[in-house]
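# Architecture and fold: a report
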Amino acid sequence: MFRVQNPEEKVRNCESNAAPKLAKMPSKKKRRRPESERPTIHPRNKYSETRPDFALLASLYPSFEPFVFYSHDGGRPRIDWTDFNATRELTRVLLLHDHALNWWIPDGQLCPTVPNRSNYIHWIEDLLASDIIPKTNASGGNVRGFDIGTGANCIYPLLGASLLGWSFVGSDVTEVALEWAEKNVKNNPHISQLIEIRKVESCEDGPSMEKSHDGESVSCESKIELSACAVREEVDPLPSASFDLHSDANKRYNGPPILLDVVRDGERFDFCMCNPPFFETMEEAGLNPKTSCGGTPEEMICSGGEKAFITRIIEDSAVLKQSFRWYTSMVGRKSNLKSLTAKLWEVGVTIVKTTEFVQGQTCRWGLAWSFVPPVRKIVSLHVAEKNVMSFMLEGLQRQFSAIHILQSVESLFRSSGAACKLNTSSFTVDITASNDHCDAILKNELQPLDEVSSCQHVQETLNNSSCSLHPSNNLCIRVSVFQQIPGTLLVKGSLQQRDNPIPGAFSSIFQKLEEVLRYKFCR
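Residues numbered from 1 in each chain as written. Predicted model: local features only at pLDDT ≥ 70, side-chain atom pairs only at ≥ 80, totals over all residues. Heavy atoms only, no water.

Before going further, it helps to examine the overall build of the chain. Along the chain, the regular secondary structure elements total 15 helices and 17 strands. In the chain, which comprises 523 residues, the share counted as buried stands at 52%. Considering only contacts in the chain between residues 6 or more positions apart, those separated by 24 or more positions represent 74%. (Helix = DSSP H or I, 4+ residues; strand = E, 2+ residues; numbered from the N terminus. Buried < 20%, exposed > 50% of the residue type's maximum accessible area, 1.4 Å probe, protein only. Contact = heavy atoms within 4.5 Å.)

Here it is as structure tokens:
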């Protein structure tokens with residue numbers, strides 16, 4: 001994971017109010033990161049080696065010169081970051097000087113920072129180039145992205161098209177954003193053919209009647225609820241600390257469509273990206289007095305804030321599945337990252353990746369996930385595999401005990417169709433899984449609980465844990481849970497056969513189990 005720092009806008013971030021600081025409370029002094037661990041700007045970012053030269057830009061672009069000033073001690077030139085006109089002009093000249101892009105936005109619209117936005121583009125470039133998931137590309141080698149809420153600035157499509165030749169669909173809902181995004185695309189004819197600006201039809205314009213899967217007409221709001229229900233039916237609801245989306249209706253996103261009803265039937269994309277509305281109110285959005293980069297209510301706020309907005313993206317992605325290779329979003333609060341990640345595992349993703357973006361003293365996080373089955377790792381038959389593996393679960397929440405861990409282990413394997421026997425007196429689960437069952441777990445191809453229950457008779461035949469009752473090509477594992485200290489459990493897995501019938505499966509399955517349990521139960 002690379003972590004990025006923007007040297008050009010040190011201290012001040014145009015959206016640094018994404019995580020506003022509250023009144024200081026007594027707390028332990030934070031440990032200072034060693035220099036080697038501090039986030040750095042992405043190495044392919046234009047500004048990784050040389051920061052923008054304000055004096056040079058002022059000499060080349062007279063419209064920028066009035067915003068540049070020098071300290072009395074002759075320090076390097078600066079601008080007033082609380083002046084919207086200054087930050088907008090800086091963005092304009094950087095895009096023109098370094099990217100050959102003509103760009104402008106009207107007063108009040110969100111003004112992006114170029115180096116920070118470039119880091120997000122390059123992180124997605126890294127995801128697409130990685131071998132985590134297959135490099136299948138339905139566009140014949142041309143990368144196609146979807147920018148959720150592109151805004152009047154249209155910054156991500158412009159940068160992605162100019163830097164890497166990617167094509168984009170940029171969506172938005174307001175007339176001002178759509179008009180200026182179109183202008184910014186048309187003013188750059190060398191890349192205009194790569195970018196489509198798409199209007200999102202808001203549910204607020206009136207309930208649109210469409211056909212549901214059973215052929216009956218449903219309103220736009222009802223369709224969203226149906227989608228959420230479809231997600232819940234497709235996943236195995238393991239015990240988790242994830243939030244209940246229906247527990248507080250006021251915290252749910254209730255705005256215009258995000259991906260569903262915007263992505264067209266049959267469309268395929270390599271990725272989507274999003275700078276979500278971070279706040280619930282404009283008062284909250286205005287807590288940072290050190291910056292002024294504009295932003296309309298549509299860009300800055302929504303019911304439930306970023307957590308609710310990104311949750312809706314997750315719900316939509318669980319319906320669209322492999323229509324996108326990667327789904328991604330920025331996250332402004334680290335406290336939301338864990339619950340969002342837990343939600344992702346709950347809906348059955350195959351991979352989750354995160355990164356940290358740092359601009360001055362402000363942190364953002366990148367969250368990415370996919371439903372594409374990962375590339376299966378080839379384990380050499382000549383490498384001896386361990387027969388016993390273990391890991392510690394630390395920081396368990398109080399409501400969870402060893403029995404919850406065991407039930408979650410049982411539920412995970414049952415959802416693949418594997419046979420399980422839970423022994424609550426010895427705190428063990430005995431599992432018998434075929435190669436197909438192992439593949440289903442590793443690829444998250446799990447059955448809903450109501451379907452799994454039909455396999456109950458298989459488990460009832462397991463009156464003892466002996467693997468001799470099962471074919472020799474099945475994998476037999478015993479998972480044991482031991483109490484260490486309050487809030488900490490040891491989970492141990494042991495292979496019950498002398499020779500592993502499915503080479504590499506035990507270690508891969510146990511690593512997957514660790515991944516799931518950590519996201520479900522640990523703080």
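This part is about the packing of aromatic side chains. One pass over the full model with this rule turns up 18 aromatic pairs. Grouping aromatic residues by their ring pairs yields a cluster made of Phe146, Phe269, Phe324, Tyr327, Trp369 and Phe371. (Phe/Tyr/Trp six-rings, centres within 6.5 Å; stacked < 30°, edge-to-face > 60°.)

Okay, the packing of helix H12 (residues 435-442) against helix H15 (residues 505-521) next. Two numbers describe how H12 lies on H15: the axes approach to 10 Å, and their chain directions differ by 35°. As H12 packs across H15, the resulting crossing turns out to be left-handed. Note on element contacts: H15 touches H12 through Ala505, Ser508, Ile509 and Lys512, opposite Cys438, Ile441 and Leu442. Looking at the contact of H12 with H15, its residues break down into five nonpolar, one polar and one charged. (Axes fitted to C-alpha atoms, helices over the stretch in contact; angles between N-to-C directions. Left-handed = near helix turned anticlockwise from the far one by under 90°. Nonpolar A, V, L, I, M, F, W, Y, C, P; charged D, E, K, R; others polar.)

One finds Phe64, Leu90 and Phe271 to be the most contacted residues of the largest nonpolar core, which totals 53 residues. Ranked by residue count, the leading element in this core is helix H3 (residues 114-129), at seven residues. The next biggest cluster of nonpolar side chains, apart from the first, holds 34 residues, and it includes Val169, Ile313, Leu320 and Val352. (Core = buried A, V, L, I, M, F, W, Y, C linked by side-chain atoms within 4.5 Å.)

A few words on helix H10 (residues 334-346). Look at H10: 19 Å from first C-alpha to last across 13 residues, which is about the 18 Å you get at 1.5 Å a residue. Where H10 terminates, the next one or two residues include Gly348, which has phi positive at roughly 95°. (Expected span 1.5 Å × (residues − 1).)

Right, let's talk about the pairing of strand E15 (residues 428-433) for a bit. Within E15, six of the six residues are buried, leaving the element largely enclosed by the surrounding structure. With burial as the criterion, each face of E15 is covered, one bearing Thr428, Asp430 and Thr432 and the other bearing Val429, Ile431 and Ala433. For strand E14 (residues 419-423) and E15, the ladder comprises five bridges, and the chain directions are antiparallel. Within E15, the position partnered with Leu422 by the bridge is Val429. (Pairing = 2+ DSSP bridges.)

Our next topic: the state of the cysteines. A covalent bond bridging the sulfur atoms of two cysteines is what the word disulfide describes. If you walk through the whole model with that rule in mind, you get zero disulfides. Unpaired in terms of disulfides, Cys272 finds its nearest cysteine sulfur in Cys274, a separation of 7.7 Å. Cys272 gets classed as buried once you look at its relative accessible area, which sits at 0%. (Disulfide = S-S within 2.5 Å.)

This next bit is on the pattern of salt bridges. Within this structure, the stated rule accounts for 16 salt bridges. Residue Arg92 is joined to Glu89 by a salt bridge in which the shortest nitrogen-to-oxygen separation is 2.8 Å. Of this pair, Arg92 and Glu89 both sit in helix H2 (residues 84-99), three residues apart, which is roughly one turn of the helix. The structure contains a network of salt bridges with shared partners spanning Arg144, Glu196, Arg198, Arg264 and Glu267. (Salt bridge = Lys/Arg side-chain N within 4 Å of Asp/Glu carboxyl O.)

Moving on to the confidence of the model for the chain. Residues of the chain with pLDDT of at least 70 account for 67%, and the chain-wide mean is 76. Predicted confidence for residues 205-249 stays below pLDDT 50, and this span has 75 contacts to residues more than four positions away or in other chains. Across residues 377-384 the pLDDT falls below 50, and counting only partners more than four positions away or on other chains, this stretch makes two contacts in the model. (pLDDT = per-residue confidence, 0-100.)

On to the environment of Val93, then. The topology assignment puts Val93 in helix H2. Residue Val93 is classed as buried on the basis of its relative accessible area of 0%.

Bringing the pairing of strand E5 (residues 167-172) into the picture now. Taking burial as the measure, the six residues of E5 include six buried ones, the bulk of the element. In E5, alternate side chains face the same way, and those of Ser167, Val169 and Ser171 on one face and Phe168, Gly170 and Asp172 on the other are all buried. Where strand E4 (residues 144-148) meets E5, four bridges bridge the pair, whose relative direction is parallel. For Gly145, the partnering residue across the bridge sits in E5 and is Phe168. Chirality of the crossover, the property in question, places the unit of E4, helix H4 (residues 155-164) and E5 among those that are right-handed. (Right-handed = clockwise from strand over helix to strand, strands pointing away.)

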